[in-house]
Amino acid sequence: MQQPDGLPAEIDLSRPSAARVYDYFLGGAHNFDIDRQLAEQIATMTPNLAATMRAGREFLRRAVRALLDAGTDQFLDIGSGIPTVGNVHEVAQAANPKARVIYVDIDPVAVAHSRELLAGNEATGVIHADLRDPERILAEARKLGLLDFDRPLGILLAGVVHFVPDTDRPGDVLATLRAAAAPGSHLVISHSTFEDQPQEMLDAQRLSARTATEITLRSRAEITGYFGDWTILEPGVVHMELWRPDSPSEVTAEGQRFGAFGGVARNDRPAG
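Residues numbered from 1 in each chain as written. Predicted model: local features only at pLDDT ≥ 70, side-chain atom pairs only at ≥ 80, totals over all residues. Heavy atoms only, no water.

Participant: Just to check I follow, could you spell out unusual backbone geometry for this structure?
Facilitator: Trans is the common state for peptide bonds, and a negative phi is the common state for residues other than glycine. Geometrically, the link from E234 to P235 is a cis peptide bond, its omega value of 10° lying close to zero. Mapped onto the elements of the fold, P235 is located in the loop between β6 (231-232) and β7 (238-239). A positive phi angle, close to 55°, is found at R169, a residue other than glycine. Structurally, R169 can be placed in the loop between β4 (154-158) and α7 (170-179). The exposure class assigned to R169 is exposed, which follows from its relative accessible area of 53%. Of note, R244 is a non-glycine position whose phi angle comes to about 45°, a positive value. As for its position among the elements, R244 is in the loop between β7 and β8 (260-266). (Helix = DSSP H or I, 4+ residues; strand = E, 2+ residues; numbered from the N terminus. Buried < 20%, exposed > 50% of the residue type's maximum accessible area, 1.4 Å probe, protein only.)

Participant: In this structure, what is going on with the environment of L157? I would like to understand it.
Facilitator: Looking at the secondary structure, you find L157 in strand β4. Assessed through its relative accessible area of 0%, L157 is described here as buried. For the pair L157 and S190, spaced 33 residues apart in sequence, the C-alpha separation works out to 6.7 Å. In this structure L157 touches I78, L131, L174, L177, L187, V188, I189 and S190, once residues within four positions along its chain are discounted. (Contact = heavy atoms within 4.5 Å.)

Participant: Whenever I open this one, the packing of helix α6 (residues 134-144) against α7 confuses me. Can you help?
Facilitator: Between two packed helices, both the angle of their axes relative to each other and the distance between the axes serve to describe the pair. Remark: α6 packs on α7, axes separated minimally by 9 Å, with the N-to-C direction vectors making an angle of 25°. Overall, the two elements α6 and α7 adopt an arrangement that is roughly parallel. Here α6 and α7 pass one another in a crossing that is right-handed. Residues P134, E135 and L138 of α6 pack against V173, T176 and L177 of α7. Looking at the contact of α6 with α7, its residues break down into four nonpolar, one polar and one charged. (Axes fitted to C-alpha atoms, helices over the stretch in contact; angles between N-to-C directions. Parallel < 35°, antiparallel > 145°, perpendicular 65-115°, else oblique. Left-handed = near helix turned anticlockwise from the far one by under 90°. Nonpolar A, V, L, I, M, F, W, Y, C, P; charged D, E, K, R; others polar.)

Participant: Honestly, the packing of aromatic side chains in this entry has me stumped. Any pointers?
Facilitator: Geometrically, a pair of aromatic rings is defined through the distance of the ring centres and the angle of the planes. Counted by the stated rule, this structure contains two aromatic pairs. Taking 5.8 Å as the distance between ring centres and 85° as the angle between the ring planes, the aromatic pair formed by F59 and W243 counts as edge-to-face. In this pair, F59 sits in helix α3 (residues 49-69) while W243 sits in the loop between β7 and β8, placing the two residues 184 residues apart along the sequence. You'll find F59 and W243 in the same group, each marked buried. Over the aromatic face of F149 sits the side chain of R142, whose NZ or CZ is 4.5 Å from the ring centroid. (Phe/Tyr/Trp six-rings, centres within 6.5 Å; stacked < 30°, edge-to-face > 60°. Lys NZ or Arg CZ within 6 Å of the ring centre and 35° of its normal.)

Structure follows, in structure tokens:
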């Protein structure tokens, strides 16, 4: 397969990428035929999947705004994918031009496009790393010098923890990230679930096994556990549309069929 201009030769375009499939569903331009083919196959099984992806992005935006209202001005967005309209730095810097954001992703295409699109924005940085190696993420973030880990930080894990299988101990990964965050920090998680889901949605989720990042569906209780002893903010860990909607009209009858829970928690532990 001929490599498009500007893409590193090591990027495998013979296999779909979860980040690029996600980009396609969000209406982005950074995807290829192999990604669109898988996306269309998934869409035939779950016609509302694009709406699910958009609901996840809207949840993230609302959560970021909530953190900004709480005084947070720095964010570590892990599993950020390919930047599209309304990404974290756009939301944060619209409210606070001094807000700083580091994006982290495992997909080299997502990282390459991120670096290209963020060139010239000195308040942002990009790290190519795997969520399963939180020590490296933290070390690379500190090396960039954009974030002050002695101050409250927003750790964003939107639609990424479900890519970590149980064998890779996601609970330990989350504990490492929480331990590095100062009091007053927040953790944002959205995660796919099997609860309340029709069989066709579960079948579509299993198609993720064809990408390099298979999805592990988990219960509300399991997802809640990833917040550890941090204080979970109202309204709790809920279907994404139900987390602080901007207006009642945004809550639809099919909201719980979007197949993911979302929640935000705050580190209320005393310093030291």
